[in-house]
Amino acid sequence: MIKAQFQLSGDIKHSKSLGAADEQQPEIYVEEISGSSFIASAPGLEPGTYTVEIDLVESVLDGEGQRIMDVLCGKTVLARDFDIFKEAGGFRQTCRVSGEVEHLGDAQRGPLAVQFEGRVQDAKFNAITVKDESGDVVAHVLARDMADAVDPTASIIPQVDEEPIYNDPSQPLEKRVDDLIRRMSLKEKIDQLVNAAGHIERLDVPGYDYWNECLHGVARNGFATVFPQATGLAAMWDTDLLFEVADTISTEARAKFNALGKVSVYHRNQGLTMWSPNINIFRDPRWGRGQETYGEDPYLTTRLGVEFIKGLQGDDEKCLKVAACAKHYAVHSGPEPGRRSFDVKPTERDLYETYLPQFEAAVCEAGVESVMGAYNSLFGEPCNTNPFLLTELLRDQWKFDGHVVADCGAIRSIYAHHRIVETAEEAVARAIKAGCDLDCGVTYGSLLTSRNEGRVSDEEIDLALHRLLRTRFRLGMFDPPETVSWSSISLDQNDSEANKALALKSAEESMVLLKNDNLLPLEKSKLRKVAVIGSNADSVEALLGNYHGDPSAPITFLAGLRDALGDAVELLIDDGCPLAMPKENPEFDSSMFTSAVDKASEADVVLYFGGISGELEGEEMPVLIEGFNGGDRTRIELPAVQTALLKELHATGKPVVFINCSGGAMAFPWEAEHLPAILQAWYPGQAAGTAVAHVLFGECNPSGKLPVTFYRSTEDLPHYYDYNMTKRTYRYFEGTPLYAFGHGLSYTQFEYGALKASMKDDIYKVSFDLTNSGSVDGAEVAQLYVRHKDPAVPQAVHSLAAFRRLELKAGETVRVELDCPVAALRYWDESRHGYMVNAGRFEVQVGAASNDIRQVLELTIEDECECAV
C-alpha cells in the first residue's frame, strides 16, 4: 500500500532515455531524473526500518568512469563512487542500488530522503521504491512521473479564445500549422520533436512515429513488394522504370496507412514519412551500406535520386503521397565502425563536385520534403549541429522548406561520441539552432532543461515544430480523408500481381552480364543435368539486402531454376562451401568441396551462386567472419574459400557460370580470367530466381550496366578513411579496372554512328545513330561522357553527363539525341568559391561504358563563365 508520494528538490533535470537493452519493464527505464545534487523525499512515512531500491540504466554515456555518483539516505551510504556503466556491465544494462535505512520519523529528522550527488557528471535515477519490513511497497516513483517537478509551468496549456482552424483545409497551410502550435503547452511541443511524437488527445493530434523506410520497397510492415536493392536499381540505368518503382512503393505505403484508419498512435513503420532514398556516393566498395546507394557517380545518383523522390511524393500539388527523405547529409560513406564520431575533411572541390550535387538536386529539382543529417562530422562540426550544412546551404542557398531529421542516435552522439560539448542540454541547443528539427532518439527530451538554462528559445523550438508539423499537414493528416486524393488507395494495391510483375521487370533490367565467352544463353534442350552449387542458391537472405520488406512469395535462385527447367532437367544441388570463414577459424580444407565437385563432374553445366549477402555487409552490425568488420568489408576480394571451390569446379572441365550476389563491387580476377560467364545479380529482390533464370536461358537479354567500378584488388584502393576522391571511382582511378563503370554485356551487339552537336539554351544537343547489329532484340544504355582537353585546373579523367536506355529490335536503327548542358563541364573554383566553366576544348565521348567509348566529338567553350547550376 502506497503511503507516501515522492517530492524532488535541488538541481534536477528530466529527460527521456534510450531505455534498457533487454526492454524488460520498459516503463521504468524510458525516462530519467538527473542533476548535480538533488533530493527525492517521501514525507509521511512512519518511523521504522525500510529498504530503499533505486533502479538505474546508463543509456547516455557509454564507458566506465564517465558517470560516478554517491547515493545517501540519512546517515546511510547506499552507494559511494558508484559507476552505473561498470556495475551494470555495459551500455543500456540495468542495475540496482539498495540498502536498509532507519527512519526516525518526519517530526524528528524530517522525511525519508534519498540524496543524489554527482561526482563525475550528473547523478541520476530511473525509479525509486521503498519497502517496509514486511516487504510491502510504501513509496514508489518513476522518473517519467516527475517531469512536472522540473518545471511545472511547462505543462500549462495556453488559453486561446479563437476557434481552431488547423483542421480546416480551406485555410492557408502556414496559418493552420501556427494555430495548432499556439494551442500546445511547452512540454507537448517538445514531445513532438522526437521521432515517436506524443499523442495530444485534447487537440486530436495522434501520436506519430516518423520512422519508416522504403529503400527498395515498404520495409518492416508486413507483406510488401521487394524490388532489387538500390545498387541493383541503379544498374538498370532506367529513370522511367525507377520512377514507376518508387510510385508503386508509395502506393503500397499509402495502402497500408489508409487501412489503419484513424488511430490514436501511428507506430514505427506505419507512417508516411519515408526515410529514403540514400543518395550518398559509394566512394569505396568496402562500405557495407553502399548497397543502399545509386553508385559512385554524382550525375547518375542525381538523376536516379530525383526520379525516386518524385515517384514517392506524387504529383498532387496540394498533398504529398508520402514524404521522401534525402540521406545522409552530407559526405557520408563509412566506415560503419566509428561512424558516430568520424570527422570528414574532403577537399573543397570534392565537397562541391562529388558529395553535394545530388543533395542540391533533391531539394531544388525534386522538392524533397525531408533531409536526414548524417552521423559524422564535417570539418570538425557534427552534421546535425552544422550551420553551414543546415542553414547556409540547405535553407538559404537551396531554399529548402521541409524538415531536417537527425539519423537515429546522432543527437546523442554530439556529446557522447563527437564530444564537442559535454551535456545533452548543450547538444540539443546546438542542433536546434543549426536547423535540425527532429531527433530520431530521445535526447531532444532535454530541450526543456536547455530552454530553462537559456540555451534555446521558445521561438526556436516553435520554428522546428512548425517545420515538422507542416510535413504532416502536407501529407493530409489533418484533413478529412475525402479531401485527400491518396485516401482511395486500398490494400488490394499492395503486393498485387502488377507489382510482382514490376519487381520481375526491374530485377531483369538490373542484371549485369560481366563476361560471356559465348556460353550464355544456355539452351534448355541440350541440358540433362545441371549442377546448382553455392550457399546463395536457395537463400532468401541473398535476395534482399538491407532495409527490406517481407516478400509474400520470394523466389530463390534455385526455385527459379526449377520453374524454368521443370522435370526434364535434373538439378544436382550442393552448398559447396560457406560464403566466408569465421574469424576464429579462417582456415579451410578442400575436402569440404568433395560433394560439390562430384556433382559438377556429372553435370552438363555448373551454375555457381556465390558472392556475399546482407548477413555479412550492412549497417553497423556485428559480423564475426573473416574479411568483414562491423558491417563493412575489410577486403573486396571474393572470399578465398569460394575462389578455391571455383577452381576445383573449373578443373572438372565443365563450363561454370558464376552468379555473384553483392551490394557493390567485388574483386575476382581469377574468375574473370578463367570462367566463361559471370553475371552480377546484386541483391535482386523477391523475383530474383525468375529473373536470373530468364537471363541464363535467353528469355531476357541482359541490359544492366555497372553503377560502380569493379577493381582488381583491395590494393587498388586508397585508405578507407580517406575522403579525398583522388584515385577513386572511374572519374579519378588511374589503373585498369576489372570491370569498368558503365560496363554490361548483351546477347546482341550495338553500333554507334558519328556524333553531331548543336547548341540551344546552353545545352549541347548531341545526336547519333544507334543500331542493333545483332540477331536478337535487346536494350542498350547509351552513355555520354565529357573530358576537358584544356583544363584550368586538374580535372577528372572524364565524367558522365547524359545517358539513355533504349530498346531496339534486331537490325533496328534509331536516332538518339542526348542533352549535354554546359553545366556538365563546371568545376568548383576554390579561389572564387563558386562553380566555373573554363574556356577551351573538351571532348564529348559516347559509348557503351566508361572504358568502351565508340565515338568522340571535340567542341570548344569560347569564354569562361560562372555556372550556378
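Residues numbered from 1 in each chain as written. Predicted model: local features only at pLDDT ≥ 70, side-chain atom pairs only at ≥ 80, totals over all residues. Heavy atoms only, no water.

Novice: Would you take a moment to explain the overall build of the protein chain for this structure?
Specialist: For the protein chain, the helix and strand inventory stands at 24 helices and 41 strands. Computed over its C-alpha atoms, the radius of gyration of the protein chain comes to 30 Å, within 12% of the 29 Å expected for a compact globule of 869 residues. Along the longest, intermediate and shortest principal axes, the C-alpha atoms of the protein chain span 100 × 70 × 55 Å. Counting all 869 residues of the protein chain, 62% fall into the buried class. Partitioning the intrachain contacts of the protein chain with sequence separation of at least 6 by distance along the chain shows that 75% fall at a separation of at least 24. Only carbon and sulfur atoms are counted for the fraction: they give 46% of the accessible area of the protein chain, which is about 32,000 Å². (Helix = DSSP H or I, 4+ residues; strand = E, 2+ residues; numbered from the N terminus. Rg over C-alpha atoms; globule rule 2.2 N^0.38 Å. Buried < 20%, exposed > 50% of the residue type's maximum accessible area, 1.4 Å probe, protein only. Contact = heavy atoms within 4.5 Å. Areas by Shrake-Rupley, 256 points an atom, 1.4 Å probe, with all protein chains shown as cover.)

Novice: Explain the state of the cysteines to me, please; I cannot follow it from the model alone.
Specialist: Enumeration according to the criterion identifies one disulfide in this entry. Paired by a disulfide, Cys 408 and Cys 440 hold their sulfur atoms 2.1 Å apart. Taking the sign of the torsion about the S-S bond as the criterion, the disulfide between Cys 408 and Cys 440, at about 75°, is right-handed. One end of the pair, Cys 408, is in the loop between strand S21 (403–406) and helix H13 (410–416); the other, Cys 440, is in the loop between strand S22 (438–439) and helix H15 (447–452), with 32 residues separating them in the sequence. A relative accessible area of 3% places Cys 440 in the buried class. Free of any disulfide, Cys 383 has its nearest neighbouring cysteine sulfur in Cys 436, separated by 11 Å. In this structure Cys 661 is not part of a disulfide, and its nearest cysteine sulfur, from Cys 577, lies 14 Å away. (Disulfide = S-S within 2.5 Å.)

Novice: What exactly am I supposed to notice about the sheet that holds strand S2 (residues 13–16) here?
Specialist: Sheets are built from strands that pair by backbone hydrogen bonding, the pairs being arranged parallel or antiparallel. The strand order across the open sheet built from three strands is S2-S3-S10, with neighbouring strands paired in antiparallel fashion. Strands with a single pairing partner mark the edges of an open sheet, and in this sheet they are S2 and strand S10 (123–125). Looking at each pair of strands side by side, their axes are set apart by 30° on average, direction ignored. Across three bridges, strand S3 (residues 31–35) lies against S10 in antiparallel orientation. Paired with Ser 34 across the bridge in S10 is Lys 124. (Pairing = 2+ DSSP bridges. Axes fitted to C-alpha atoms, helices over the stretch in contact; angles between N-to-C directions.)

Novice: Looking at this model, I keep getting lost on the packing of helix H8 (residues 239–260) against helix H9 (residues 298–313). Mind explaining?
Specialist: What describes two packed helices is the angle between their axes and the distance between those same axes. Interaxial distance between H8 and H9 falls to 7 Å at its minimum, and their mutual angle equals 35°. Considering only the axes of H8 and H9, their crossing is right-handed. Along its contact with H8, which presents Thr 239, Leu 242, Phe 243, Ala 246, Asp 247, Ile 249 and Ser 250, the element H9 presents Arg 303, Leu 304, Glu 307, Phe 308, Lys 310, Gly 311 and Leu 312. When the residues that make up the contact of H8 with H9 are grouped by side-chain class, the tally is seven nonpolar, three polar and four charged. (Left-handed = near helix turned anticlockwise from the far one by under 90°. Nonpolar A, V, L, I, M, F, W, Y, C, P; charged D, E, K, R; others polar.)

Novice: Looking at this structure, how should I read the environment of Glu 858?
Specialist: Summarising the element assignment, Glu 858 is placed in strand S40 (residues 852–861). The exposure class of Glu 858 is partly exposed, given its relative accessible area of 40%. Remark: the alpha-carbon pair of Glu 858 and Val 844, spanning 14 residues in sequence, is separated by 6.3 Å. Those residues in contact with Glu 858 that lie beyond four places of it in its chain are Lys 789, Arg 841 and Phe 842. Separated by 3.0 Å, the side chains of Glu 858 and Lys 789 make a polar contact. (Polar contact = N/O pair within 3.5 Å; in protein donor to acceptor, adjacent residues only side chain to side chain.)

Novice: What should I look at first to understand the packing of H9 against helix H11 (residues 357–364) in this one?
Specialist: Closest axis-to-axis distance for the H9/H11 pair is 9 Å, and the angle between their directions is 25°. It follows that H9 is roughly parallel to H11 by the angle criterion. Where H9 crosses over H11, the handedness of that crossing is right-handed. Between H9 and H11, the residues in contact are Pro 298, Thr 301, Thr 302, Val 306 and Ile 309 and Pro 357, Gln 358, Ala 361 and Ala 362, respectively. When the residues that make up the contact of H9 with H11 are grouped by side-chain class, the tally is six nonpolar, three polar and no charged. (Parallel < 35°, antiparallel > 145°, perpendicular 65-115°, else oblique.)

Novice: What is the right way to look at helix H10 (residues 348–355) in this model?
Specialist: The α-helix winds at 3.6 residues per turn, so residues separated by three or four positions along the chain end up facing the same way. Of all eight residues in H10, seven are buried; the element is thus mostly enclosed. Considered for burial, the residues of H10 that qualify are Arg 349, Asp 350, Leu 351, Tyr 352, Glu 353, Thr 354 and Tyr 355.

Novice: Help me understand the sheet that holds S22, please; the structure alone is not making it clear to me.
Specialist: Reading across from one edge, S16-S18-S21-S22 is the order of the four strands in this open sheet, with parallel pairing throughout. Both edges of this open sheet fall to strand S16 (325–329) and S22, since each of them pairs with a single strand only. Across three bridges, S16 lies against strand S18 (residues 370–373) in parallel orientation. The residue of S18 that forms the bridge with Ala 326 is Val 371.

Novice: Sorry if this is basic, but what is going on with the packing of aromatic side chains here?
Specialist: What describes a pair of aromatic rings is the distance from one ring centre to the other and the angle between the planes of the rings. Tallying each qualifying case throughout the model produces 33 aromatic pairs. Judged by centre distance (5.0 Å) and plane angle (20°), the ring pair of Phe 557 and Phe 609 falls under stacked. Linking Phe 557 in helix H19 (residues 557–565) with Phe 609 in strand S26 (residues 605–611), this pair joins segments that are 52 residues apart in sequence. The same class applies to Phe 557 and to Phe 609, which are both buried. Both rings, one in Trp 682 and one in Phe 710, keep their centres 6.4 Å apart while their planes meet at 85°; by these two values the pair is edge-to-face. Taken together, the residues Trp 682 in the loop between strand S30 (677–680) and helix H23 (688–696) and Phe 710 in the loop between H23 and helix H24 (729–732) connect sequence positions 28 residues apart. A relative accessible area of 0% means that Trp 682 is categorised as buried. A cation over a ring is seen here: Arg 283 above Tyr 723, with NZ or CZ 3.7 Å from the ring centre. (Phe/Tyr/Trp six-rings, centres within 6.5 Å; stacked < 30°, edge-to-face > 60°. Lys NZ or Arg CZ within 6 Å of the ring centre and 35° of its normal.)

Novice: Please clarify how the pattern of salt bridges should be interpreted in this entry.
Specialist: For side chains bearing opposite charge, pairing can occur when the charged atoms are close. Scanning the model with the defined rule gives 69 salt bridges in all. Residue Glu 188 is joined to Arg 202 by a salt bridge in which the shortest nitrogen-to-oxygen separation is 2.7 Å. Highlighted residues: Glu 188 in helix H6 (residues 186–191) and Arg 202 in the loop between strand S13 (196–197) and strand S14 (207–209), separated in sequence by 14 residues. For Arg 202, a relative accessible area of 41% puts it in the partly exposed group. When the shortest N-O distance is used, the salt bridge between Arg 451 and Asp 458 registers 2.8 Å. Salt bridges linked by common partners bring Arg 289, Glu 292, Glu 336, Arg 339, Arg 340, Glu 619 and Glu 620 together as one network. (Salt bridge = Lys/Arg side-chain N within 4 Å of Asp/Glu carboxyl O.)

Novice: What exactly am I supposed to notice about helix H20 (residues 594–602) here?
Specialist: Taken together, the buried positions of H20 are occupied by Ala 596, Val 597 and Ala 600. Projected down its long axis, H20 shows its buried positions confined to an angular sector of 95°, all on one face. Against the buried residues of H20 lie strand S24 (529–533), strand S25 (570–574), S26 and helix H21 (640–651). (Arc of directions from axis to C-beta.)

Novice: Help me understand the confidence of the model for the protein chain, please; the structure alone is not making it clear to me.
Specialist: Residues shown with low pLDDT carry predicted positions that ought not to be read at fine detail. Mean pLDDT over the protein chain works out to 96, with 100% of the residues at or above the 70 mark. Taken element by element, the protein chain is modelled with least confidence in helix H4 (residues 147–150), mean pLDDT 80, and with most confidence in S30, mean pLDDT 99. (pLDDT = per-residue confidence, 0-100.)

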